[in-house]
Amino acid sequence: MTITEILPSLGHLLHERFDGACWPSTASADEHGDLIVGGLGLTGLAARYGTPCLVLDEAQVRARVREFRAALPDAELAYAGKALLCKGLVRWLAEEGASFDVCSAGELHLVRAAGVDGSRILVHDNGKTKEDLKAAVHCPGARIVLDSFEELDTLEGIAGPGQQVLVRVTPDVDAHTHRSIATGVRGAKFGFDLRAGEAAEAVDRVLRSPNLELLGLHCHIGSQVSGVDSYEAAVRFMVGLLADIRERFGVCLPVLDIGGGFRVRYTEEEPEFDLTGFADRVRIALHYECDRFQLPAPRLILEPGRSIVARAGVTVYRVLAVKGSTVIVDGGMSDNPRPALYGARYRMRLLGRRSSAATVPLTVAGRHCESGDVLGEAVPLPADTRAGDLLAVACTGAYHVPLQSNYNLIGRPPLLAVRDGAARVLLRREGERDLMARDLG
Ligand SMILES: Cc1ncc(COP(=O)(O)O)c(C=O)c1O
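Worth saying up front: this structure is predicted, and the values here are computed from it rather than measured.

A.B. asks: Just to check I follow, could you spell out the pairing of strand S21 (residues 415–419) for this structure?
C.D. replies: Regular strands show a simple pattern: their side chains alternate between the two faces of the sheet. Counting buried residues in S21 gives 4 out of 5 residues, a clear majority hidden from the surface. Judged from the 4 bridges that link them, strand S5 (residues 53–57) and S21 form a sheet pairing that is parallel. By the bridge assignment for S21, Leu56 is matched with Ala417. Both S21 and strand S22 (residues 422–427) contribute to a ladder of 5 bridges, which runs antiparallel. Counterpart to Arg419 in the pairing with S22 is Ala422. Counted between consecutive antiparallel strands, the loop separating S21 from S22 contains 2 residues, among which Asp420 sits at a positive phi close to 45°.

A.B. asks: Sorry if this is basic, but what is going on with the nonpolar core here?
C.D. replies: Side chains that are nonpolar tend, in soluble globular proteins, to be buried together. Membership of the largest hydrophobic core comes to 129 residues, with the highest contact counts inside it found for Leu42, Tyr79, Leu89, Leu217 and Phe278. At 10 residues, the largest contribution of residues to this core is made by helix H9 (residues 228–249). The contact partners of Leu89, leaving out residues within four places of it in the chain, are Leu56, Val61, Tyr79, Leu84 and Val309. Counting 7 residues, the second largest nonpolar core, distinct from the first, contains Leu122, Leu215, Val255 and Ile301.

A.B. asks: Which parts of the structure should I look at to understand the site of the ligand?
C.D. replies: Taken together, the neighbourhood of the ligand is formed by 15 residues, with Ser223, Gly261, Glu303, Arg306 and Tyr399 sitting nearest. At 2.4 Å, a side-chain N or O of Ser223 approaches an oxygen atom of the ligand. Contact between the ligand and Arg306: an oxygen atom at 2.8 Å from a main-chain N or O atom of the residue. The residue makeup of the shell around the ligand, split by class, is 3 nonpolar, 7 polar and 5 charged.

A.B. asks: Sorry, what's going on with the environment of Val282 here?
C.D. replies: Within the element layout of this structure, Val282 appears in helix H10 (residues 275–293). If we skip the residues at most four places from it in the chain, Val282 touches Tyr231, Val235, Ile258 and Leu300.

A.B. asks: Which parts of the structure should I look at to understand helix H4 (residues 87–95)?
C.D. replies: By the burial criterion, the buried members of H4 are Gly88, Leu89, Val90, Trp92 and Leu93. Downstream of H4 by a residue or two, Gly97 has a phi angle that is positive, lying close to 95°.

A.B. asks: Can you help me understand the pairing of strand S6 (residues 76–80) in this one?
C.D. replies: Within S6, 5 of the 5 residues are buried, leaving the element largely enclosed by the surrounding structure. Going residue by residue along S6, you find Glu76, Ala78 and Ala80 tucked away on one face and Leu77 and Tyr79 tucked away on the opposite face as well. Strand direction decides the pairing type here: S6 and strand S14 (residues 299–302), joined by 2 bridges, are parallel. Residue Leu77 lies in a different strand from S14, and its bridge partner there is Leu302. Sheet analysis places S6 next to strand S7 (residues 99–102), joined by 3 bridges and oriented parallel. Of the residues in S7, the one forming a bridge with Ala80 is Asp101.

A.B. asks: Would you take a moment to explain the environment of Leu133 for this structure?
C.D. replies: Turning to its location among the elements, Leu133 is positioned in helix H6 (residues 130–137). Expressed as a C-alpha distance, the spacing of Leu133 and Val206, which sit 73 residues apart in the sequence, is 16 Å. Among residues more than four places away in sequence, those in contact with Leu133 are Lys128, Ile144, Glu151, Thr154, Leu155 and Ile158.

Conventions we followed
- Residues numbered from 1 in each chain as written.
- Predicted model: local features only at pLDDT ≥ 70, side-chain atom pairs only at ≥ 80, totals over all residues.
- Heavy atoms only, no water.
- Buried < 20%, exposed > 50% of the residue type's maximum accessible area, 1.4 Å probe, protein only.
- Helix = DSSP H or I, 4+ residues; strand = E, 2+ residues; numbered from the N terminus.
- Pairing = 2+ DSSP bridges.
- Core = buried A, V, L, I, M, F, W, Y, C linked by side-chain atoms within 4.5 Å.
- Contact = heavy atoms within 4.5 Å.
- Near = heavy atom within 4 Å.
- Polar contact = N/O pair within 3.5 Å; in protein donor to acceptor, adjacent residues only side chain to side chain.
- Nonpolar A, V, L, I, M, F, W, Y, C, P; charged D, E, K, R; others polar.

Spelled out as structure tokens, the structure:
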């Protein structure tokens, strides 16, 4: 007999503390099998807002920004908006001192609409359109990260005096990550190639351009990078390049942006990213290399996206049907295409009731007309999982909302912020009118 069975009135005081690996750090389980996040039960949120729904723990997001800022206090922390972007989130991050990496005119407008000053915005993307570049030059103070000669041509035609830019280079550091998210190797579609001499040519052109001011260099070695040694290698390499630029062009660039990509644990088996070790090794490598080349140390910029928001998110689905060992839920690849895109794996749990059935490996499939619409294979769940049950999926805060679609004309789920026992809708559920709005007949 458990202590809660002996003393049922104490049950609510004895919430199981979660292994913090994949769930938000405010999460705990109660005696009814509910998950409490940000002081609210997920079953109650599912009843109030419907399923699927995505819940975002504000405290977890803020805490993560503070951890990064404490690890490298002199660095600028530019949150990568591609991971998740909405006005409420932008305001939390801005309050915590973050700036923002945006990837399109749309992302730029959203961040501006949330009240962010242009001087806290970096404009990225490997294929910026003229409209993206125009939006960037019309945003006073915004810095543009150049990715190609074509972009440079366009920018020279539209930029006013003093337009600050960084040049993105491909450092040829293998970050040992999934092919679709490795960006720092030669032949990747990102940045200027060093060996082909493109990076030096880009630097030369920017330095000679009357309206452009070269602030520094940028690189991003990939996403889900666990090895701090890859970042250390990138820093060493990039400082060498800064020294080279000083040698050839006589300028000391004041900024070095080393991108994002810090690993997140989606399941307990995956390694944790060593943020302190990363900060130490990057700081030491930066100062060592700068001393070696007698260069003033540039200010670092970091661009974490996933590692700020992933763990703050939990998605709640309702089970629609069970066919043999396949559980079909009321969402799927339209709200989470990551398993289909990258083979992503997640931690899931039954929500809202305690089951005494054995734990068995089940397939969790989505509702869409694709056999690849599978959210998880061999997911350990109770053998009596049945229609009507709720399932919680951990670590769904990053690259879910931005990658969502309306496949099968299904409205995208809401994004709910939770904090200290209160919930707020950040993004509402899409309804039929939203889905019909673009169809002009
Ligand atoms: C230039 C750049 N910066 C930052 C990021 C953010 O990466 P992550 O969300 O893995 O931290 C990306 C992701 O693709 C990127 O391309």
